[in-house]
Amino acid sequence: MQKSVFRKTIEIIIFMVFIFFLFAPLLGMGIWSVALRWYWPNTFPQEIGFDYWLQALGITKSLTLGAVNVLPAFWLSLGIAIIVVIITMAIAIPAGYSLAKLKIPALLKGLILILFLLPRAFPQQPVFINLMLMFNKIGLTGTVLGVIFVHIVVGLVFAVWITASTFSSIPPELEEAARSVGATRLKAFFKVTLPISTPGLIASSVFVFLTSMDEFTGTFFIGIPFVTTLPMTLYSASGSNIQFASVIAILLLIPSILFMIVIQKFLKAEHLGGIGG
Amino acid sequence: MAILKVKNLSKNFGKVKAVQDVTFEATEGKVLSLLGPSGCGKTTTLRCIAGFENPERGDIYLDNRKITPFPPEKRGIGMVFQNYALWPHMTVYGNLAFGLQIRKVSKSEITKKIKKVLGMVQLEGYENRFPRQMSGGQQQRIAMARALVFEPEIMLLDEPLSNLDAQLREEMRFEFTELQRKLGITAIYVTHDQAEALVISDKIVILDQGRIVQSGSPKEIYSNPKNKFVAGFIAVTSFISGSVDSLIENKKKVVVKTNDGLAIHGFNNSFDIGQKVSVAMRMNVIKFIQDENESDRNKTNIFKGKIIQSSYLGNIIDYKIKVGNWEVRTNSDAKFNFKVGEEVTFYLSPEDIIVTRED
């Protein structure tokens, strides 16, 4: 009895610490984003209001340092992320399918997977600096196209690995059954394999989307100074204006949280799907 | 309905010779079973027929039309998979309609055909169920229906009943046979279960290590297994090895001598003197003798042994008996209640035992 009380106490403490580390920064951000005046030693802001939100969303204008309209950056980030998802998945689906389903020698298969992993296997800065030097020669630095390319390189790692494992979790007999009743390889893929792997493919696209939304290092080296995505504005704001930084951070969180909910839903659907037999 | 011929089929996986020089012919409207232990090449042979594997050598003919170069979808062969392979995202209707939709069958015709095939597998009204909402036995029937609904010329079945429990499996055997007879479809049936093969087949092909060991009707194979491997696979539980000592009764019978001095009389299968053979015994061939006078009457094939294990199974008792250097198993009527360690006398009728090649 005593032991269980002791155990419960420990559990509660761990849970509280966990909650603290998880939510305290979020709460701090929330408070900062509405704090107009907040000086030491006050526990809470002396004056609150949505002025910074209105400025960040471009509704009112102000000359405060770092107070810029972040909406263009938000739309740019969103646009880049959507294009990146489309292109990345267009590459990752056939690549993942080939790796999972075709009779590729194990050595070659490993080599291909490592090739996709390679850009992430090294420290990011040197990789991107080299990429920047290469892009400089072909005029891709400072362009949205260059940034999209960098995001694809980063996103492909997750996308190919997740799609490959999604496809390989589907029993080969399902496609064979389709072919035995008369479907071509292509038809079997589109009517059987693709619908069954939708949850995994959506999870994969969500990861790619979030990676693109949050990508900083590559965008910094390739996109600067003309391509200003949301993380870039966050970076420039965080040095000078903590309220703005908080607003941007919260804006960045919104798609992440939305997509986490989507992932949850689809991963559950996959669980209930009863794949196999 | 069609005749399927497999000629000199060989398939390797790397260095493993999965199928070697396999030749057989499936008669129109009959069931041919490919029987063997796991890894004997039976499933690979079936997958070559279906078109999922490309054989290194050999050809497959459907009604004298060479189908080896065709992809699976061009062969018009129905297949039932071991794990059923029903598409989880489609209803029963969707699963059954898929093959018909590809063949551009009209919608009203599809509905009619599905209704008919569901009637055949006794699952009328299940059109809107998803596979996960059905029991294993029901899923198995749907898998069968899916392979039949587009009216293929030939049907392949890869251990279709092995995922069902024993009782259902026995029921489904009869159902399959009934359905197959009614439709008159040619079927190739892969199984590792000898009882299943004996019940459903018109012809059995026994495979071992990628090669055909014996083929014939169930009766031929059961009563006359070609060698020890086949015998062991067809319900033989005990073997005594020896060599042919002499031929008696106009060479109709042989006397097999073992290295520990047993002499067993059995029927001759064109053996020569000195040839190494195995005496194969099924579970029920040993006849216990309790009356000493009875043992005097039959001078040959009477042996003494010692019970070394006994398992009570209700109406019967399963004994393991030590005879010379050999251990033999038998089922016996529960009226003979021997104890472990007890000495017993028993008779082996030459009609019941099988003398077969050792290799």
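The structure presented is a predicted model; accordingly, all values stated were derived computationally and were not measured.

Conventions adopted
- Residues numbered from 1 in each chain as written.
- Chains lettered and ligands numbered in written order.
- Predicted model: local features only at pLDDT ≥ 70, side-chain atom pairs only at ≥ 80, totals over all residues.
- Pairing = 2+ DSSP bridges.
- Helix = DSSP H or I, 4+ residues; strand = E, 2+ residues; numbered from the N terminus.
- Axes fitted to C-alpha atoms, helices over the stretch in contact; angles between N-to-C directions.
- Buried ≥ 20, exposed ≤ 12 C-beta atoms within 10 Å, placed from the backbone.
- Contact = placed C-beta atoms within 7 Å.
- Nonpolar A, V, L, I, M, F, W, Y, C, P; charged D, E, K, R; others polar.
- Domains from an automatic or database assignment.
- Parallel < 35°, antiparallel > 145°, perpendicular 65-115°, else oblique.
- Left-handed = near helix turned anticlockwise from the far one by under 90°.
- Core = buried A, V, L, I, M, F, W, Y, C linked by C-beta atoms within 7 Å.
- Expected span 1.5 Å × (residues − 1).
- Bend = angle between axes of the 7 residues up to and from the residue.
- pLDDT = per-residue confidence, 0-100.

In this section: the sheet that holds strand β13 (residues 263–267) of chain B. Residues and elements named next belong to chain B. With antiparallel pairing, 5 strands are arranged side by side in an open sheet as β13-β12-β11-β14-β20. Only two strands of the sheet have a single partner each, and these edge strands are β13 and β20 (354–357). The average angle at which neighbouring strand axes cross in this sheet is 45°, direction not considered. Bridging between strand β11 (residues 236–248) and strand β12 (residues 253–257) involves 5 bridges; their strand directions are antiparallel. Residue leucine 247 lies in a different strand from β12, and its bridge partner there is valine 254.

This part takes up unusual backbone geometry. Residues and elements named next belong to chain B. Even without being a glycine, tyrosine 84 presents a positive backbone phi close to 70°. Relative to the helices and strands, tyrosine 84 is located in the loop between β6 (77–80) and α2 (92–102). With 25 C-beta atoms counted inside 10 Å, the residue tyrosine 84 sits in the buried group. Residue alanine 235 is not a glycine yet carries a positive backbone phi of 65°. With respect to the element layout, alanine 235 can be found in the loop between α8 (228–233) and β11.

With that out of the way, let us pick up the interface of chain B and chain A. With 23 residues of chain B at the contact, the number on the chain A side is 20 residues. Elements with a minimum of two residues in the side of chain B that touches chain A: β6, α2 and α4 (136–148) of chain B. Of the residues contributing to the side of chain B that touches chain A, the split by class is 14 nonpolar, 5 polar and 4 charged.

All names here are of chain A. Taken as a whole, chain A is organised into domain 1 (2–49) and domain 2 (71–272). On a C-alpha basis, the centroid separation for the pair domain 1 and domain 2 is 33 Å. Taken together, the 4 residues of domain 1 in the interface contact 6 residues of domain 2. Sorting elements by how many residues they give to the side of domain 1 that touches domain 2 places helix α1 (residues 2–34) first, with 3 residues. Class assignment of the residues belonging to the side of domain 1 that touches domain 2 gives a composition of 3 nonpolar, 1 polar and no charged.

The next thing to look at is the sheet that holds strand β2 (residues 16–26) of chain B. Residue and element names in this part refer to chain B. Here we have 4 strands laid out as an open sheet, ordered β2-β1-β4-β5, and antiparallel in their pairing. Looking at strand neighbours, the two that pair on one side only are β2 and β5 (65–66), the edges of this open sheet. The pairing of strand β1 (residues 4–13) with strand β4 (residues 57–62) spans 5 bridges and is classified as antiparallel. In the sheet register, serine 10 faces β4, and the bridge partner there is arginine 57. Across the sheet, helix α1 (residues 42–50) is in contact with β1, β2 and β4; its angle to β1 comes to roughly 115°.

Let's shift gears to the packing of helix α4 (residues 106–121) of chain A against helix α6 (residues 144–168) of chain A. All names here are of chain A. Where α4 contacts α6, the two axes come as close as 9 Å, and the packing angle between them is 130°. One element, α4, and the other, α6, form an angle in the oblique class. Along this stretch, α4 crosses α6, giving a crossing that reads as left-handed. Along the contact surface, α4 presents Phe116, Leu117, Pro119 and Arg120, while α6 presents Val153, Val154, Leu156, Val157 and Val160. Partitioning the contact of α4 with α6 into residue classes produces 8 nonpolar, no polar and 1 charged.

We now examine the nonpolar core. Of all hydrophobic cores here, the largest spans 159 residues; its most connected members are Ile248 of chain A together with Ile49, Ala143, Ala145, Leu156 and Ile188 of chain B. By residue number, the principal contributor to this core is α6 of chain A, which donates 13 residues.

You can read the domains of chain B as domain 1 (4–223) and domain 2 (238–357). The distance between the C-alpha centroids of domain 1 of chain B and domain 2 of chain B comes to 40 Å.

A separate point is the environment of glycine 49 of chain A. Residues and elements named next belong to chain A. Mapped onto the elements of the fold, glycine 49 is located in the loop between β2 (47–48) and α2 (51–56). Each C-alpha atom of the pair glycine 49 and phenylalanine 23 lies 22 Å from the other, and the pair is 26 residues apart in sequence. The residues touching glycine 49, leaving out its near neighbours within four places in the chain, are Val34 and Leu36.

Residues and elements named next belong to chain B. Along strand β19 (residues 343–348), the buried face is formed by Val344, Phe346 and Leu348; none of Glu343, Thr345 and Tyr347, which line the opposite face, is buried. Of the pairings in the sheet, the one linking strand β15 (residues 286–289) to β19 comprises 4 bridges and is antiparallel in character. Following the sheet pairing, lysine 287 is matched in β19 by tyrosine 347. Sheet topology places strand β16 (residues 302–312) next to β19; 5 bridges connect them, and they run antiparallel. Bridge pairing links phenylalanine 303 to phenylalanine 346 in β19.

Quick look at helix α8 (residues 185–214) of chain A now. All names here are of chain A. In this model, α8 (30 residues) spans only 38 Å end to end at C-alpha, well below the 44 Å of a helix rising 1.5 Å per residue. In the structure, α8 departs most strongly from a straight axis at threonine 198, where the bend amounts to approximately 60° and where the proline proline 199 lies between one and four residues downstream. Summarising burial for α8: 21 of the 30 residues are buried, a large majority.

Residues and elements named next belong to chain A. Where helix α3 (residues 71–101) meets α6, the closest approach of the two axes is 7 Å, and the angle between their N-to-C directions is 35°. As for how α3 packs across α6, the hand of that crossing is right-handed. Class assignment for the residues of the contact of α3 with α6 results in 21 nonpolar, 7 polar and 1 charged.

Quick look at the confidence of the model for chain A now. When pLDDT is averaged along chain A, the result is 84, and 92% of the positions lie at 70 or above. A low-confidence stretch, residues 270–277 of chain A (pLDDT under 50), is modelled with 15 contacts involving residues beyond four sequence positions or located in other chains.

This next bit is on the confidence of the model for chain B. Here chain B averages 90 in pLDDT, while 98% of its residues score no lower than 70. Model confidence for the complex is summarised by a pTM of 0.80, with the ipTM given as 0.83.

Further remarks concern the environment of methionine 232 of chain A. All names here are of chain A. Along the chain, methionine 232 turns up in helix α10 (residues 230–240). Considered as a pair, methionine 232 and threonine 219 are 13 residues apart in the sequence and their alpha carbons are 7.9 Å apart. Once residues within four sequence positions are removed from consideration, methionine 232 is found in contact with Thr219 and Phe220.

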